[in-house]
Amino acid sequence: MTRNPYIYIFIAFIVSYLIRVLPLTLIRKPIKSRFIRSFLYYVPYVTLAVMTFPAILHATDSVLAGACALVFGIALAFFGAGLFPVACACCGIAFLVEYLVRL
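Rules of the game
- Residues numbered from 1 in each chain as written.
- Predicted model: local features only at pLDDT ≥ 70, side-chain atom pairs only at ≥ 80, totals over all residues.
- Heavy atoms only, no water.
- Axes fitted to C-alpha atoms, helices over the stretch in contact; angles between N-to-C directions.
- Helix = DSSP H or I, 4+ residues; strand = E, 2+ residues; numbered from the N terminus.
- Parallel < 35°, antiparallel > 145°, perpendicular 65-115°, else oblique.
- Contact = heavy atoms within 4.5 Å.
- Nonpolar A, V, L, I, M, F, W, Y, C, P; charged D, E, K, R; others polar.
- Salt bridge = Lys/Arg side-chain N within 4 Å of Asp/Glu carboxyl O.
- Buried < 20%, exposed > 50% of the residue type's maximum accessible area, 1.4 Å probe, protein only.
- Core = buried A, V, L, I, M, F, W, Y, C linked by side-chain atoms within 4.5 Å.
- Left-handed = near helix turned anticlockwise from the far one by under 90°.

## Notes on the packing of helix H2 (residues 34-57) against helix H3 (residues 63-78)
Then comes step 1: Between H2 and H3, the shortest axis-to-axis distance is 7 Å and the interhelical angle comes to 125°. Between H2 and H3, the angle is such that the two are oblique. From H2, Phe53, Ile56 and Leu57 reach across to H3, where they touch Val63, Gly66, Ala67 and Leu70.
Then comes step 2: Here the contact of H2 with H3 is built from residues that sort into six nonpolar, one polar and no charged.

In structure tokens:
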């Protein structure tokens, strides 16, 4: 029993289209609520964090190395380090912890 794969593609298209079009058609006035505006302001940041966080922890063989690199990177960024130094330091920390875990 084979199923037509185009049905699944069409359903995915309809769902994606409705998610994008319905807010544009239903909400025509500017949003006045401070709560809703602040909620919508942070949605992209939360989405990026939700996609990135598990990848950081599971990028190495041990979750400990990813967690150490994450904590170290957050600390460096908090103290004003740029993106490139933070990325290099996190790679170094992950490498060092992976090396120490294998000993």
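The structure having been displayed, the exposition proceeds.
## Concerning the side chain of Glu98
Then comes step 1: Mapped onto the secondary structure, Glu98 falls in helix H4 (residues 83-102).
Then comes step 2: The contacts of Glu98, once residues within four sequence positions are left out, are Thr60, Asp61, Ser62 and Ala65.

## Some points on the pattern of salt bridges
Then comes step 1: All told, the structure shown has two salt bridges when counted by the stated rule.
Then comes step 2: One salt bridge connects Glu98 with Arg102, and the closest N-O pair in it is separated by 3.6 Å. Here Glu98 and its partner Arg102 are both found in helix H4, four residues apart, which amounts to about one turn of the helix.
Then comes step 3: Exposure remark for Glu98: the relative accessible area of 11% places this residue in the buried category.
Then comes step 4: Here the salt bridges share partners, and the residues they tie into one network are Asp61, Glu98 and Arg102.

## Quick word on the nonpolar core
Then comes step 1: Core analysis: the biggest nonpolar cluster contains seven residues, these being Ala65, Ala69, Val86, Cys90, Ile93, Ala94 and Val97.
Then comes step 2: For this core, the secondary structure elements donating two or more residues are H3 and H4.
Then comes step 3: When residues of this core are assigned to their parent elements, the largest contribution, five residues, is made by H4.
Then comes step 4: Aside from chain neighbours lying at most four places away, what touches Ile93 is Cys68, Ala69 and Phe72.

## A closer look at the packing of H3 against H4
Then comes step 1: Two numbers describe how H3 lies on H4: the axes approach to 8 Å, and their chain directions differ by 150°. By the angle between their directions, the pair H3 and H4 is classed as roughly antiparallel. Along this stretch, H3 crosses H4, giving a crossing that reads as right-handed. Taking contact as the criterion, the partners of Leu64, Ala65, Cys68, Ala69, Phe72, Gly73, Leu76 and Ala77 in H3 are, on H4, Val86, Ala89, Cys90, Ile93, Ala94, Val97, Glu98 and Val101.
Then comes step 2: Within the contact of H3 with H4, the residues separate by chemical class into 14 nonpolar, one polar and one charged.

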